[in-house]
Amino acid sequence: ISALIALNILVGRAFSPIARLPDLFSYLISRRKDMDLKKMLNQAPVRSDTRKMKNFMGKVEFIAVSQVYTNQSVAVFSNLSFVFQPGSTTVITGGNSSGKTTVFNLIAGLFAPTRGLILIDDVNMEQISPKWWRHQMVAVPQQPEFFEDTILNNLSEISPDFSEQEILTALEKVGLQKFIDQSPNGVATNLSSDNLKYNLGFRKRLALARASLSSGNLILMDEPTEGLDKSGAKIFYNYLNDCIGAQKTVVVFSHDPAIIKGAGTLINLDHFQKSAKAADFLNNRQER
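Residues numbered from 1 in each chain as written. Predicted model: local features only at pLDDT ≥ 70, side-chain atom pairs only at ≥ 80, totals over all residues. Heavy atoms only, no water.

Trainee: How do you make sense of unusual backbone geometry when you look at a structure like this?
Mentor: Trans peptide bonds make up most of the peptide bonds, and negative phi angles are found at most residues other than glycine. Even without being glycine, aspartate 121 reaches a positive phi, approximately 50°. Of note, the phi angle at glutamine 247 is positive, near 60°, even though the residue is not glycine.

Trainee: How should I be thinking about the environment of arginine 134 in this particular structure?
Mentor: Turning to its location among the elements, arginine 134 is positioned in helix H5 (residues 130–134). Classification of arginine 134 by relative accessible area gives exposed; the value is 52%. As a C-alpha pair, arginine 134 and isoleucine 158 span 24 residues in sequence and 8.5 Å in three-dimensional space. (Helix = DSSP H or I, 4+ residues; strand = E, 2+ residues; numbered from the N terminus. Buried < 20%, exposed > 50% of the residue type's maximum accessible area, 1.4 Å probe, protein only.)

Trainee: How should the sheet that holds strand E6 (residues 137–140) be read in this particular structure?
Mentor: Strand pairing in a sheet is mediated by backbone hydrogen bonds. Such pairs are either parallel or antiparallel. Pairing is parallel in the open sheet, where five strands are placed in the order E6-E7-E8-E3-E9. Looking along the sheet, the strands with just one partner apiece sit at the ends: E6 and strand E9 (265–268). Sheet twist, expressed as the mean angle between neighbouring strand axes with direction ignored, is 10°. Running over the sheet, helix H4 (residues 100–108) touches strand E3 (89–93), E6, strand E7 (218–222) and strand E8 (249–253) and is turned about 150° from E7. Along the sheet, helix H9 (residues 200–212) makes contact with E6 and E7, crossing E6 at roughly 170°. (Pairing = 2+ DSSP bridges. Axes fitted to C-alpha atoms, helices over the stretch in contact; angles between N-to-C directions. Contact = heavy atoms within 4.5 Å.)

Trainee: Help me understand the pairing of E7 in this model?
Mentor: Along any regular strand the residues' side chains alternate between the sheet's two faces. Where burial is concerned, most of E7 is hidden: five out of the five residues are buried. Where burial is concerned, the two faces of E7 agree: the one with Leu218, Leu220 and Asp222 and the one with Ile219 and Met221 are both buried. Across four bridges, the pairing between E6 and E7 is parallel. Paired with methionine 137 across the two strands is leucine 218, which belongs to E7. Bridge analysis of E7 against E8 gives five bridges, and the strand direction is parallel.

Trainee: I'm lost on the packing of aromatic side chains in this one. Help?
Mentor: Describing an aromatic ring pair means giving the distance of the ring centres and the angle of the ring planes. Per the counting criterion, the structure on display carries nine aromatic pairs. Ring geometry for phenylalanine 62 against phenylalanine 82: centres 5.3 Å apart, planes inclined by 10°, an arrangement best described as stacked. Note that phenylalanine 62 is positioned in strand E1 (residues 60–67) and phenylalanine 82 in strand E2 (residues 77–84), a separation of 20 residues in sequence. Members of the aromatic cluster, joined through ring pairs, are Phe56, Trp132 and Trp133. (Phe/Tyr/Trp six-rings, centres within 6.5 Å; stacked < 30°, edge-to-face > 60°.)

Trainee: Which parts of the structure should I look at to understand helix H7 (residues 164–173)?
Mentor: Working note: α-helix, 3.6 residues per turn, so residues spaced by three or four point in the same direction. Taken together, the buried positions of H7 are Ile167, Leu168, Ala170 and Leu171. End-on view of H7: buried residues confined to an arc of 160°, all on one side of the axis. Turned more than 90 degrees off the buried face of H7, the exposed positions are Gln165, Glu172 and Lys173. Contact partners of the buried residues in H7: helix H6 (151–155), helix H8 (177–182) and H9. Glycine 175 occupies a position one or two residues after H7 and carries a positive phi of about 80°. (Arc of directions from axis to C-beta.)

Trainee: Sorry if this is basic, but what is going on with the side chain of serine 214 here?
Mentor: One can find serine 214 in the loop between H9 and E7. Overall, the relative accessible area of 7% leaves serine 214 in the buried class. Among the polar contacts listed, one links the side chain of serine 214 to the backbone nitrogen of glycine 216, at a separation of 3.1 Å. Apart from the residues lying within four places of it in its own chain, the contact partners of serine 214 are His135, Met137, Val138 and Ile158. (Polar contact = N/O pair within 3.5 Å; in protein donor to acceptor, adjacent residues only side chain to side chain.)

Below, the structure written as structure tokens:
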């Protein structure tokens, strides 16, 4: 029995790339691109996780992406297709459980979609080196986390080549200079993985300081101003405006009216969530 189970798992993994081929062919037909099929297949199916491009231009594309978690029977969203063009500003909204954090994690490369493709400058994300990809992003999650070490070491996580002065400058830009100056150990102050030790505003500022040390062309933020006072929100507004001015690709998940107002494109995930529920309902009826 155990051998059969192991064989079943291996067969499932072997056929997983084949299951994505319908999405690929559907995309090629619907978009009617004059693209050589052999070239597209060479980009899409290989799972090397080692590719590093010379220059990331800032383009991210979702092709018929669907996400279903193993402990759920209903898809979070279905057939999500759109392109984040280089230098564009996109705000993504949606109600609770609409999949905003899931899309954030998919773009960040924390896991692969259940179905569909994600392309980075027209290259399948599954080929991309995760370490290289992390350096192409300025990512601030909704609930920032840090490992148990000093502020200096947490911020040096982006790159050990940053000097202490560069890290102090990043902390000053997010309004944490006073905290550092008044702490007995300065940047050697120890952080904790326990989120309750520091309030959300402090953690978000610190996460922005850490992320801003990256010179990546993709700005990825999940509810950046949620739980912040006016001064904290203003720091994020100014940073986002600077990134927009620098023609970086900005993707923000937010309900903040000020951020929505500055969007070039607005995507509401509730539409895709309803489509996912309808598709699952029809599939269940057909099975019965």
